[in-house]
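Breakdown of the fold
Okay, here's what each chain looks like letter by letter:
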Amino acid sequence: MWRVLAVIGVLAAGCLAGCGGDGRLVIGVRPGQPGLVARMPDGHFGGFDIEVAHYVARALGYRDDQILYTADTARADLVVGVTGPAGSRPIAGPYLVTSTDVLVRADDLSIRRPRDLARKRVCATRESAGPLVARFGARWRQFFLAEANLPAACAPLLARGGTDAIVADAPVLAGLSAQYPGRFRFSGRPLSTQEYGIATSTAALRDQVNDALRRMFEDGSWNRAVIDQLGVLATRYTTPPSLRW
């Protein structure tokens, strides 16, 4: 596993791949996403997104001490985990195609498919809850949805019975489940498909990032990261996605 330097709130950064500056590469990440991006006990970040970001940064020519991570994505040269349009920023990828899924308590057999959530308490971010709100309506959102800023905030609620289900991207749910061994399970069919990419500052940098991702796919590093970081979901992701952005 990569050992990386984590810095929150970086104010400025350079870009060896064409931006100029002070020789650092600042990478925007989404903390609080177990399995993808999570703060480790030693203060570093770990997770699948971090493995991908660090591989790309090294492929672009950066040393470990030149790679900085920040939650302030507006200040970043690259942003990993982008799941939709990033304004005018070119996006490389996707490096992972996954789904939004449902996590429930292991002994709760009343939730087997999305429609079973119609009268269940759900904890999710606003984005992840979108498909359910579209399906069940504003009244369901008012009475049954607990909105969280981060999926990690939902796990204690589910563990103590404060909610009936967590809705989030599958890798995040796998990370949350690993924190509560044997207590949670995946339930039902996926709610929607999610594609993760890397937002860049220029089209030229996007092309360089795609070249790095292609190398990661071909040399086996992507598969090793899946096994190391995505655990129970490794059998879902046996083949890298096709790069098309």
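Residues numbered from 1 in each chain as written. Predicted model: local features only at pLDDT ≥ 70, side-chain atom pairs only at ≥ 80, totals over all residues. Heavy atoms only, no water.

What follows is about the overall build of the protein. Regarding its fold elements, the protein presents seven helices and ten strands. Across the 245 residues that make up the protein, the buried fraction comes to 51%. In the protein, the proportion of contacts linking residues at least 24 apart, taken out of those at least 6 apart, comes to 74%. Total accessible area on the protein is roughly 11,100 Å²; 50% of this is exposed by carbon and sulfur atoms. (Helix = DSSP H or I, 4+ residues; strand = E, 2+ residues; numbered from the N terminus. Buried < 20%, exposed > 50% of the residue type's maximum accessible area, 1.4 Å probe, protein only. Contact = heavy atoms within 4.5 Å. Areas by Shrake-Rupley, 256 points an atom, 1.4 Å probe, with all protein chains shown as cover.)

Glancing now at the side chain of His54. As for its placement among the helices and strands, His54 is situated in helix H1 (residues 48–59). Here Asp64 takes part through its side chain, which lies 2.9 Å from a polar atom of the side chain of His54. (Polar contact = N/O pair within 3.5 Å; in protein donor to acceptor, adjacent residues only side chain to side chain.)

Spatially, the eight strands line up as an open sheet ordered E4-E1-E5-E10-E6-E9-E7-E8, and their pairing is mixed. Strands with a single pairing partner mark the edges of an open sheet, and in this sheet they are strand E4 (67–70) and strand E8 (145–147). Averaged over neighbouring strand pairs, the angle between their axes works out to 25° when direction is ignored. With three bridges joining them, strand E5 (residues 78–82) and strand E10 (residues 184–199) adopt antiparallel strand pairing. (Pairing = 2+ DSSP bridges. Axes fitted to C-alpha atoms, helices over the stretch in contact; angles between N-to-C directions.)

Taken across its 15 residues, strand E6 (residues 91–105) has 14 buried, putting it largely inside the fold. Inspection of the sheet shows E6 paired to E10 by eleven bridges, in the antiparallel sense. Across the sheet, the residue bridging to Leu96 is Tyr196, located in E10. With five bridges connecting them, E6 and strand E9 (residues 165–169) associate as antiparallel partners. By the bridge assignment for E9, Asp101 is matched with Ala168.

This next bit is on the environment of Phe217. Relative to the elements of secondary structure, Phe217 occurs in helix H6 (residues 203–218). Classification of Phe217 by relative accessible area gives buried; the value is 13%. Beyond its immediate sequence surroundings of up to four residues, Phe217 is in contact with Pro94, Tyr95, Trp222, Asn223, Pro240, Pro241 and Leu243.

In the structure shown here, the tally under the stated rule is 13 salt bridges. Linking Arg214 and Asp211 is a salt bridge whose minimum nitrogen-to-oxygen distance equals 3.0 Å. With Arg214 and Asp211 both in helix H6, this residue pair falls three residues apart, about one helical turn. Classification of Arg214 as partly exposed rests on a relative accessible area of 36%. Linked by salt bridges that have partners in common, Arg105, Arg121 and Asp164 make up one network. (Salt bridge = Lys/Arg side-chain N within 4 Å of Asp/Glu carboxyl O.)

Contact geometry of H1 with H6 gives a least axis separation of 9 Å together with a crossing angle of 115°. By the criterion of interaxial angle, the relationship of H1 to H6 is roughly perpendicular. Seen from above, H1 lies across H6 with right-handed handedness. Contacts between H1 and H6 involve Glu51, Val52, Tyr55, Val56 and Ala59 from the former and Val209, Ala212, Leu213, Arg215 and Met216 from the latter. Along the lines of polarity and charge, the residues of the contact of H1 with H6 split into eight nonpolar, no polar and two charged. (Parallel < 35°, antiparallel > 145°, perpendicular 65-115°, else oblique. Left-handed = near helix turned anticlockwise from the far one by under 90°. Nonpolar A, V, L, I, M, F, W, Y, C, P; charged D, E, K, R; others polar.)

Under the defined criterion, the tally for this structure stands at one disulfide. There is a disulfide in this structure between Cys123 and Cys154, and the S-S distance comes to 2.1 Å. Here Cys123 and Cys154 share a disulfide; its torsion about the S-S bond, -70°, makes the bridge left-handed. One end of the pair, Cys123, is in strand E7 (residues 122–124); the other, Cys154, is in helix H4 (residues 154–160), with 31 residues separating them in the sequence. As far as the burial class goes, Cys123 and Cys154 line up, both buried. (Disulfide = S-S within 2.5 Å.)

Turning our attention to the nonpolar core. Membership of the largest hydrophobic core comes to 53 residues, with the highest contact counts inside it found for Ile27, Phe48 and Tyr95. Counting residues per element, this core draws most heavily on H1, which supplies seven residues. Counting 15 residues, the second-largest nonpolar core is a separate cluster that includes Ile111, Leu117, Leu132 and Trp140. (Core = buried A, V, L, I, M, F, W, Y, C linked by side-chain atoms within 4.5 Å.)

It is worth spelling out H1 at this point. Its twelve residues give H1 an end-to-end C-alpha distance of 17 Å, which sits within 8% of 16 Å, the value for a rise of 1.5 Å per residue. Among the twelve residues in H1, ten count as buried, and that is most of the element. Taken together, the buried positions of H1 are occupied by Phe48, Asp49, Ile50, Glu51, Val52, Ala53, His54, Tyr55, Val56 and Ala57. Downstream of H1 by a residue or two, Gly61 has a phi angle that is positive, lying close to 105°. (Expected span 1.5 Å × (residues − 1).)

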